[in-house]
Amino acid sequence: MSRLTQQEEKELISFIKDWLKSHGFNQKDLANELNIKSSRTSEIILKIKELYKKGGMFNIAKNLIKIEQNWLNNIKNDYRETQQTLPYNQLDIDSLVNQINQDTSK
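The numbering scheme is per chain: residues are counted from 1 as the chain's sequence reads. Local features are withheld for residues below a pLDDT of 70 in this predicted model, meaning they are given only at 70 or higher, and side-chain atom pairs are given and counted only at 80 or more; totals for whole chains, interfaces and linings count all residues. Excluding hydrogens and water, the side-chain values take into account all heavy atoms of the structure.

**Examining the packing of aromatic side chains**
Then, in step 1: When the centres of two rings from Phe, Tyr and Trp lie within 6.5 Å, Trp using its six-membered ring, the rings pair. Their planes under 30 degrees apart give stacked, over 60 give edge-to-face, and anything left gives tilted. Scanning the entire structure with this criterion turns up two aromatic pairs.
Then, in step 2: Between phenylalanine 25 and tryptophan 71, the aromatic rings sit 4.0 Å apart at their centres with planes inclined by 15°, giving stacked as the arrangement. Residue phenylalanine 25 is found in the loop between helix 1 (6–23) and helix 2 (27–33), and its partner tryptophan 71 is found in helix 3 (residues 41–83); the two are separated by 46 residues along the sequence.
Then, in step 3: The buried label goes to any residue with under 20% of its type's maximum accessible area, the exposed label to any with over 50%, and the partly exposed label to all in between, with areas taken from a 1.4 Å probe on protein chains only. Accessibility expressed as a relative area gives 22% for phenylalanine 25, which makes it partly exposed.
Then, in step 4: Members of the aromatic cluster, joined through ring pairs, are Trp19, Phe25 and Trp71. Starting at the N terminus, helices and strands are each numbered in turn, a helix being any DSSP run of H or I of at least four residues and a strand any DSSP run of E of at least two.

What follows is the structure, given as structure tokens:
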């Protein structure tokens, strides 16, 4: 594959920053997903160039889509965990005992 032009690099970085912002993530989150140690823009560009060499814009898009799907699946899983019915806490139990006591004393 040929190399990315400077204009393509600028557009990709601008897109990636907007994309991260729209999902509430940052460069560190992206670096983790790309399996790179640094979250610096220069390191992300190097990884993007590597992806480009292996398959062009299609490969970059495919990898970003995979990352986005992973993030969206994690958000859904986190939502499901928070929506699960929680067991009674101590205040609920105390309230139930008080209600039982009131009912039995009548």
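Having seen the structure, we can now continue with the description.
**Comments concerning the environment of isoleucine 36**
Then, in step 1: Along the chain, isoleucine 36 turns up in the loop between helix 2 and helix 3.
Then, in step 2: For isoleucine 36 and leucine 46, which are 10 residues apart along the polypeptide, the C-alpha to C-alpha distance reads 9.9 Å.
Then, in step 3: Every residue pair with non-hydrogen atoms within 4.5 Å of one another is taken to be in contact. In contact with isoleucine 36, not counting residues within four places along its chain, are Ala31, Glu43, Ile44 and Lys47.

**Section: helix 1**
Then, in step 1: Expected span of a helix, by definition, is 1.5 Å for each gap between consecutive residues, and there is one gap fewer than residues. Between its terminal C-alpha atoms helix 1 stretches 26 Å, which fits the 26 Å expected from 18 residues at 1.5 Å a residue.
Then, in step 2: By the burial criterion, the buried members of helix 1 are Glu9, Leu12, Ile13, Ile16, Trp19 and Leu20. In a view along the axis of helix 1, the buried residues occupy a sector of 130°, so they form one face of it. In helix 1, the exposed positions angled more than 90 degrees off the buried face are occupied by Lys10, Asp18, Lys21 and Ser22.
Then, in step 3: Positioned one or two residues after helix 1, glycine 24 has a phi angle of 80°, which is positive. This arc corresponds to the set of directions leading from the helix axis out to the C-beta atoms.

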